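Each chain, written out:
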Amino acid sequence: MTASAIEVGRREARRQETELRIHRCALRLTDERGLDGWTMDELADASEVSRRTLFNYFPGKVDAVLGSTPELPADALETFRTGGPTGRLLDDLEVLAERILTDKEFDPETMALGRRALHCTPRLLMVAHERFEQVMRDLVDHILRREGPQFGEDRARLLLRVLVGVFDHTLDHLDTDDSGRSVAEIFHRHLRQARDLLA
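Residues numbered from 1 in each chain as written. Predicted model: local features only at pLDDT ≥ 70, side-chain atom pairs only at ≥ 80, totals over all residues. Heavy atoms only, no water.

Quick word on the packing of aromatic side chains
Note the threshold: Aromatic rings from Phe, Tyr and Trp, taking only the six-membered ring of Trp, are treated as a pair when their centres fall within 6.5 Å; an angle between ring planes under 30 degrees marks them as stacked, one over 60 as edge-to-face, and anything in between as tilted. Throughout this description, the term charge over a ring refers to an Arg CZ or Lys NZ atom that lies within 6 Å of the ring centre and within 35 degrees of the ring normal.
Applying the stated rule across the entire model yields 0 aromatic pairs. The ring of phenylalanine 151 has arginine 155 sitting right over it, with the charged end atom 4.3 Å from the ring centre.

Structural data, given as structure tokens:
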């Protein structure tokens, strides 16, 4: 790896770290004061960034609290669309989910704060729902590209909603799970239980 590539990697890691710090601070402020109880200037101070830097990351409060929409790596999506990595659709969707859930943003504390913020703020919930619908449309498209149009959009949506239900169940357990497991590990355990129930 060249020196320039290493430096690019370091800059990207610093960028992600700053973005996550701002997001977590926005969640904490919202948890303590409500969405309307703090200003972007206060968020900049709490995040230890300038106001200008803050707006380079997030244009407003709602975006800062919700954070960036998770993106799957291009290589993972390409593997999925071509039938991998296991060749079994549900297993491969679980692999995709775990790629997302192992992101630093998906630690139990951050997820619990985010869930509380959504429950208390209808405005946040509405924007989160819009984002979710776009992610759902994209995933349905990936499934149909992999399985073919005969698989059916309704079946793809149903399958994804089952996974979302398992994820929601996982979030319900974050406040009470003191095992030290990651969100991805808790999700995997609940998905295994769901598969046993539906077998």
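Here's the deal with unusual backbone geometry
Basically, it comes down to this: Numbering of helices and strands starts at the N terminus; helices are DSSP runs of H or I of at least 4 residues and strands are runs of E of at least 2. Only protein chains enter the accessibility calculation, which uses a 1.4 Å probe. A residue is then buried if its area is under 20% of the maximum for its type, exposed if over 50%, and partly exposed in between.
A cis amide bond links glycine 84 to the next residue, proline 85, at an omega of 0 degrees. For proline 85, the position within the fold is in the loop between α5 (74-81) and α6 (89-101). Even without being glycine, glutamate 48 reaches a positive phi, approximately 60 degrees. For glutamate 48, the position within the fold is in the loop between α2 (40-47) and α3 (51-57). Classification of glutamate 48 as exposed rests on a relative accessible area of 68%.

Section: the pattern of salt bridges
Spelled out, the test is: Here, a salt bridge means any side-chain nitrogen of Lys or Arg that lies within 4 Å of a carboxyl oxygen of Asp or Glu.
A full pass over the atoms with the stated rule returns 21 salt bridges. Put simply, arginine 195 and aspartate 91 hold a salt bridge, and the shortest N to O gap is 2.6 Å. Taken as a pair, arginine 195 in helix α10 (residues 183-198) and aspartate 91 in helix α6 lie far apart in primary sequence, 104 residues in all. Across the pair aspartate 92 and arginine 146 runs a salt bridge, and its minimum N-O distance is 2.8 Å. A residue pair is termed long-range when its members are at least 10 positions apart, and aspartate 92 in helix α6 and arginine 146 in helix α8 (residues 122-147) qualify at 54 residues. Overall, arginine 146 belongs to the buried group, its relative accessible area being 13%. The network of salt bridges with shared partners includes Arg88, Asp91, Glu94 and Arg195.

Quick word on the side chain of arginine 115
Put simply, the test is: Pairs of N or O atoms are called polar contacts if they sit within 3.5 Å, as long as, within protein, a hydrogen donor faces a hydrogen acceptor (for residues adjacent in sequence, only side-chain-to-side-chain pairs). In what follows, residue pairs with any heavy atoms lying within 4.5 Å of each other are defined as contacts.
Mapped onto the elements of the fold, arginine 115 is located in helix α7 (residues 108-120). In terms of polar contacts, arginine 115 uses its side chain to reach the side chain of aspartate 168, at 2.9 Å. Look past the residues within four positions of arginine 115 in its chain and what remains in contact with it is Asp168, Leu171 and Asp172.

Some words on a nonpolar patch on the surface
Counted only if it meets this: Like charges within 9 Å and nonpolar side chains (Val, Leu, Ile, Met, Phe, Trp, Tyr) within 5 Å are joined into patches, using only residues over 30% in relative accessible area that form no salt bridge. Residue exposure ignores everything except the shown protein chains as possible cover, and the areas themselves are Shrake-Rupley values with a 1.4 Å probe.
Among the surface-exposed residues, Leu158, Val162, Leu197 and Leu198 lie close enough to one another that they form a single nonpolar patch of about 470 Å² accessible area. Structurally, leucine 197 is set in helix α10. Classification of leucine 197 as exposed rests on a relative accessible area of 74%.

A word on the environment of phenylalanine 80
Within the element layout of this structure, phenylalanine 80 appears in helix α5. A residue is classified by how much of its surface remains accessible, and phenylalanine 80, at 2% relative accessible area, is buried. Residues phenylalanine 80 and valine 65, 15 residues apart in the sequence, show an inter-C-alpha distance of 30 Å. The residues touching phenylalanine 80, leaving out its near neighbours within four places in the chain, are Leu89, Asp92, Leu93, Leu96, His142, Ile143 and Arg146.

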